[in-house]
Amino acid sequence: MSVVQVIKNYVVKMITESEPGYKIMLMDKETTSFVSVVLGMSEVMRQEVYMFERLDQTSSGENMSYLKCLVYIRPTRENVDLLVRELQKPRYGNYYIYFSNVVSKSDVKLLAEADEQEVVREVQELYADYQALSPHLFSLNMPIHSQGLKWASGALQRTVQGVAAVLFSLQVLPSIRYQNNSEMARVLAENIRQTILNESSLYNSPDAEGNTLLLILDRRDDPVTPLLHQWTYEAMVHELLGVASGRVSLAHVVGVADDLKEVVMSPTQDEFYAQSMYLNYGEIGQTIKDLMEDYQKRLSNQQKVETISDMKSFVENYPQFKKMSGTVSKHVTVVGELSRLVGNHALLAISECQQELVCGSDHSANLQRIRQLVTDPKVREIDAAVLVMLYALRHEGHPNTDLKGLVSALNKRSVGDRYLKLLSSLMDYGGARARQSDLFGTQLPQDVSGIRKRFFKGLKGVDNVYTQHKPLLLETLEEVMKGRLREGAFPYCGNAPSMPPGTKPQHVVVFIIGGATYEESLAVHQFNTKSSNTRVILGGSTIHSTASFLSSVEAAMEGVPRKTLRL
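Identification of the protein chain as Vacuolar protein sorting-associated protein 45 from Scylla olivacea is taken from an unreviewed UniProt entry. One UniProt comment on the protein chain, placed under Sequence similarities (unreviewed entry), says "Belongs to the STXBP/unc-18/SEC1 family." Note on the protein chain: under the UniProt heading Subcellular location (unreviewed entry), the record states "Endomembrane system".

A. A look at the sheet that holds strand E1 (residues 23-27). Spatially, five strands are ordered E2-E1-E3-E4-E5 in an open sheet, and the strand pairing comes out parallel. At either end of the open sheet lies a strand with only one pairing partner, and these are strand E2 (49-54) and strand E5 (120-125). In this sheet, adjacent strand axes meet at a mean angle of 20 degrees when their direction is disregarded. Pairing between E1 and E2: five bridges, direction parallel.

B. Up close: the pattern of salt bridges. Within this structure, the stated rule accounts for 22 salt bridges. The salt bridge involving glutamate 53 is made with arginine 91; its shortest N-O contact spans 3.1 Å. On the criterion of sequence distance, the pair formed by glutamate 53 in strand E2 and arginine 91 in the loop between helix H4 (77-88) and strand E4 (92-99) is long-range, its members being 38 residues apart. Classification of arginine 91 by relative accessible area gives buried; the value is 7%. The salt bridge partner of arginine 219 is glutamate 520, with a shortest N-O separation of 2.8 Å. Remark: glutamate 520 occurs in helix H19 (residues 518-530) and arginine 219 occurs in the loop between strand E11 (209-218) and helix H8 (233-241); sequence separation between them is 301 residues. The pair formed by arginine 219 and glutamate 520 is uniform in burial state, with each residue classed as buried. Here the residues in one salt-bridge network are Glu30, Arg74, Asp129 and Arg158, joined through shared partners.

What counts, and where the lines are drawn
- Residues numbered from 1 in each chain as written.
- Predicted model: local features only at pLDDT ≥ 70, side-chain atom pairs only at ≥ 80, totals over all residues.
- Heavy atoms only, no water.
- UniProt positions renumbered as here; feature names shortened; annotations may be inferred.
- Pairing = 2+ DSSP bridges.
- Helix = DSSP H or I, 4+ residues; strand = E, 2+ residues; numbered from the N terminus.
- Axes fitted to C-alpha atoms, helices over the stretch in contact; angles between N-to-C directions.
- Salt bridge = Lys/Arg side-chain N within 4 Å of Asp/Glu carboxyl O.
- Buried < 20%, exposed > 50% of the residue type's maximum accessible area, 1.4 Å probe, protein only.

Structural data, given as C-alpha cells:
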C-alpha cells in the first residue's frame with residue numbers, strides 16, 4: 001500500500017495505453033507537481049514523451065499534428081474551460097484525456113461538443129489527485145484550509161476529492177472516525193462518506209471492505225508539533241531551505257555553482273536521499289563524509305587510465321561516476337548550508353529549550369532559559385516568538401506564569417506586531433479550551449493502565465535531548481492498534497462500523513485537517529517498520545514548516561474574536 005507506487009502506475013498507464021509514437025503531456029499546475037515528485041522528467045521522456053506543457057500557459061502555436069497529446073488535469077471548472085478552448089483549435093493529432101478525479105457528465109458533454117474535429121481518442125478518470133511524497137505520506141498542497149475556524153472557500157470540496165482519491169486509488173473502503181470536538185472534521189467525514197456511497201461502483205476488490213480505518217484529525221488538537229525544530233535530514237531541508245514539488249533552491253548560497261542553484265530532493269529520484277532522509281543531523285554529517293571518501297577513492301581509481309582495459313572500464317563506469325559526482329556535490333552543498341544556518345542562529349540551543357519546555361515540567365528552569373534565548377541577538381525573530389508561544393501553550397494557567405514579561409522581552413528586541421497577534425491567535429486556535437486531548441500529560445489518567453504508562457514514561461531515559469518529543473498522532477495510533485480509541489472522542493461516521501469493536505485494522509489512513517508535519521511522517525514510518533500487520537498512510541492539507549503553520553493559524557483565526565489571551 002504505497003501512494004507513490006499508485007501515482008507512478010497511473011502515469012505509466014497514461015503513457016502506455018496511448019498508441020506508440022512521440023507524445024506531449026499537457027498538465028495543470030497541480031498535476032505537474034503530482035508527477036514531478038514521483039518521476040523524473042527524464043524518466044518519463046524515455047517512454048516516448050517528447051515535451052511537457054502547462055494547460056494554463058499554452059498559446060496558439062504551430063500545428064504539431066504528428067504528436068499525440070496526453071492530457072492529465074484536475075476536473076476543475078477552469079481546466080475544463082481551457083481544455084474546451086484547446087479542442088476547438090487542436091494543435092495535436094490525437095488527445096488522450098485523463099482526469100485526476102471524478103468528472104461530471106456535463107463537463108464531458110462540453111468536451112464532446114468542442115471536439116468537432118474528432119481528435120479525442122480517450123476520456124478516463126484516474127484517481128491520482130494528491131501529491132505522494134513518500135510511500136506512506138501524501139499532501140493536498142493546500143496551505144490555507146480554514147478562515148474564521150470554518151472551511152475556506154473551495155477547501156472542503158478539494159479535501160473531499162483528495163482524500164476520496166486516496167481511498168479509490170488504494171481500493172480501500174473504510175470505516176470512518178473523526179475527532180469529536182472538531183466540526184470541520186465531522187463535516188469532512190460526512191462528505192467523504194457520501195462520496196464513497198455515490199461512487200461505490202469504483203470498488204472492484206473483494207477485499208476492499210472491512211479492514212480499513214479512515215481517521216480524520218484536526219491540527220488544532222496538537223499545535224505544538226509544527227512549532228518544533230526537527231533534526232532529520234528531510235525535516236531540516238523542509239524547515240530551513242524549503243521544498244517545492246521535490247525541488248530546493250540554493251541560489252542564495254554564496255559561491256554556489258550554476259548547476260546547483262536548484263536541486264532535486266525527492267526520495268523517488270535520489271537514492272542517497274532516500275537512504276538518508278530519516279537520519280538525524282549528527283548521522284547525516286558522518287554519512288556525507290563516508291560518501292565523499294567513497295567518491296575520492298573511486299576518483300583515484302578513475303585517474304589510473306594506463307591500459308586499454310583501464311580505458312574500457314572508465315567508459316563503462318563514467319555515467320555512474322558522473323552521477324555520483326553530482327550526488328556528492330549536491331548533498332555537500334545542502335548539508336553545508338544547513339550547518340551554516342544551525343550555527344548562525346543557535347538552532348541547537350533553541351531546539352533543546354523547545355524539547356525541555358514541551359516534555360519537561362520545570363516551569364522555573366524553562367522560564368529562565370527562554371528569557372536568555374529571547375534576548376540573544378543570534379536567535380531569529382521567529383524562533384524567539386515561537387519559544388514564547390510554546391511557553392504560553394505549555395504553562396497555560398500556571399500560577400506563576402510570566403507571559404507578560406516574555407512579551408515585554410519580545411517588544412524590547414522589536415519583534416514585529418504580527419508575532420504578538422499570532423501569540424493570542426494561537427491560544428484561541430490550539431489552547432486548552434480548543435483541545436480534546438491531554439497534550440502535555442497534565443490530566444490525571446482515568447484508569448490504571450494510563451497511570452502505569454505515565455509512570456514508566458517518566459522513568460525512561462532519553463537518548464537524544466533534541467528528539468524527546470513524540471507527536472500526539474503516535475499515541476492515537478497506539479490506541480487504535482489496542483482497540484482502545486474512545487468512541488466518545490472519535491465517533492464513527494454513519495452506520496455501525498464494518499469492523500467489530502476491538503478489531504485491529506489492516507490499513508489506517510490518517511488525514512490531518514490543517515496539515516501534517518515531517519515529525520509525524522517519521523513517527524508513521526517508524527510505526528510501519530515495527531508493525532507487520534498494520535500499514536498506516538498519513539496525509540494532510542499540506543506539509544507544514546513552522547512559518548507555514550503560523551500563516552495557516554492567522555488565516556484560520558481571521559475575524560474570530562479573541563477569547564483566551566489578551567496582551
